[in-house]
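Structural features, examined
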Amino acid sequence: MIKAELHFHQTTTLTPEQYIAGLTDFGPGRSQIFEKSADDYLKVHHLGRFEADVTEGSGGIWERLHYDWSDPNHVVLTTTDSNTWGGASGHTYNFTRRPDGATDIDVVVVREGKTFKGSMLALVLRTIGKSVLETAFQKSVKAIEARNTTAGRPVRAAM
C-alpha cells in the first residue's frame, strides 16, 4: 500500500500544555478546532488521565485513534482502526519550549492506505495534498491560541 509521511512546523504563543488541552478536548465543537473531526463522527470509547481511545473523522473517512499524552513534550496518536488508514498511520507531536516563551510544534503525520481509496489519498497527500493538512494544522494552532486569549493577552497555563 502507498504511504505518505508529512512533516509540519509551527511556532506558537501556546505552551505545550495549552495545545495538548485543545488536542485532547473531545467535547462538542471539536470540528471548530480540528476541521477533519466532525462532531457526528466523534465517539470517545475511553478517556483516561493521559490517554484516550477515540473514533473521529469526516467526509466518509474515519479512524479510531489511541491518544497518549503521558509525556508533556511528545504526544502520539496511533491509528488502531479505520475504513481508510492502516499500517503505521497516526500523528506524532513534539513540543520544544523556546527561551522567548514561545513553543515550537513539530508534527509528523503518517497516512498508509489500507484500501484502494486510502492508497490513492496517500498518493495525493504525498504530492499536491500536503498543503491541505498543513493548512488544517495551522488553523488548529490559531483556534487554540484564540481560545486561550483573553482581552488580547495570551493566557499561560501553569507549568
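Only a predicted model underlies this, so the values are computations on that prediction, with no experimental measurement involved.

Calculation criteria
- Residues numbered from 1 in each chain as written.
- Predicted model: local features only at pLDDT ≥ 70, side-chain atom pairs only at ≥ 80, totals over all residues.
- Heavy atoms only, no water.
- Helix = DSSP H or I, 4+ residues; strand = E, 2+ residues; numbered from the N terminus.
- Polar contact = N/O pair within 3.5 Å; in protein donor to acceptor, adjacent residues only side chain to side chain.
- Contact = heavy atoms within 4.5 Å.
- Phe/Tyr/Trp six-rings, centres within 6.5 Å; stacked < 30°, edge-to-face > 60°.
- Buried < 20%, exposed > 50% of the residue type's maximum accessible area, 1.4 Å probe, protein only.
- pLDDT = per-residue confidence, 0-100.
- Arc of directions from axis to C-beta.
- Pairing = 2+ DSSP bridges.
- Axes fitted to C-alpha atoms, helices over the stretch in contact; angles between N-to-C directions.

Tracing the chain through its elements places Asp104 in strand β7 (residues 103-113). Reaching out from Asp104, the side chain makes a polar contact with the side chain of Thr11 at a distance of 2.6 Å. Contact partners of Asp104, with chain neighbours within four places excluded, come to His9, Gln10, Thr11, Asn94, Phe95, Thr96 and Arg98.

By the definition in use, this model includes five aromatic pairs. A ring pair is formed by Tyr19 and Phe95, whose centres lie 6.0 Å apart and whose planes are at 50°; its orientation type is tilted. Taken together, the residues Tyr19 in helix α1 (residues 16-23) and Phe95 in strand β6 (residues 85-97) connect sequence positions 76 residues apart. By the burial criterion, Tyr19 is buried, and Phe95 matches it. A ring pair is formed by Tyr93 and Phe95, whose centres lie 6.5 Å apart and whose planes are at 10°; its orientation type is stacked. Neither Tyr93 nor Phe95 differs from the other in exposure class; each is buried. Each member of the aromatic cluster is reached from another via a ring pair, and the members are Tyr19, Tyr93 and Phe95.

Per-residue pLDDT for the protein chain has a mean of 92; in total, 94% of the residues score no lower than 70. For the protein chain, strand β9 (residues 153-154) is the element with the lowest average pLDDT, namely 49, and strand β5 (residues 74-82) is the one with the highest, namely 98. Counting interchain partners and residues more than four positions distant, the pLDDT-below-50 stretch residues 155-159 has 13 contacts.

The next point concerns helix α2 (residues 116-126). Considered for burial, the residues of α2 that qualify are Gly118, Ser119, Ala122 and Leu125. Buried residues of α2, viewed axially, fall in a sector of 120°; they line one side.

Next up on the list: the sheet that holds strand β1 (residues 3-12). Taken in spatial order, the seven strands of this open sheet run β1-β7-β6-β5-β4-β3-β2, and their pairing is antiparallel. Both outer strands of the open sheet, β1 and β2 (43-47), are each paired with one neighbouring strand and no more. Each strand of the sheet is rotated relative to its neighbour by a mean of 15°, with strand direction disregarded. Inspection of the sheet shows β2 paired to strand β3 (residues 51-58) by four bridges, in the antiparallel sense.

Structurally, the position occupied by Tyr67 is in strand β4 (residues 61-71). In this structure the C-alpha to C-alpha distance between Tyr67 and Glu5, which are 62 residues apart in sequence, comes to 19 Å. Discounting chain neighbours no more than four positions away, the residues touching Tyr67 are Leu23, Thr24, Phe26, Arg30, Phe50, Glu51, Ala52, Val54, Glu56, Val76 and Leu77. A polar side-chain atom of Tyr67 sits 2.9 Å from a polar atom in the side chain of Arg30.

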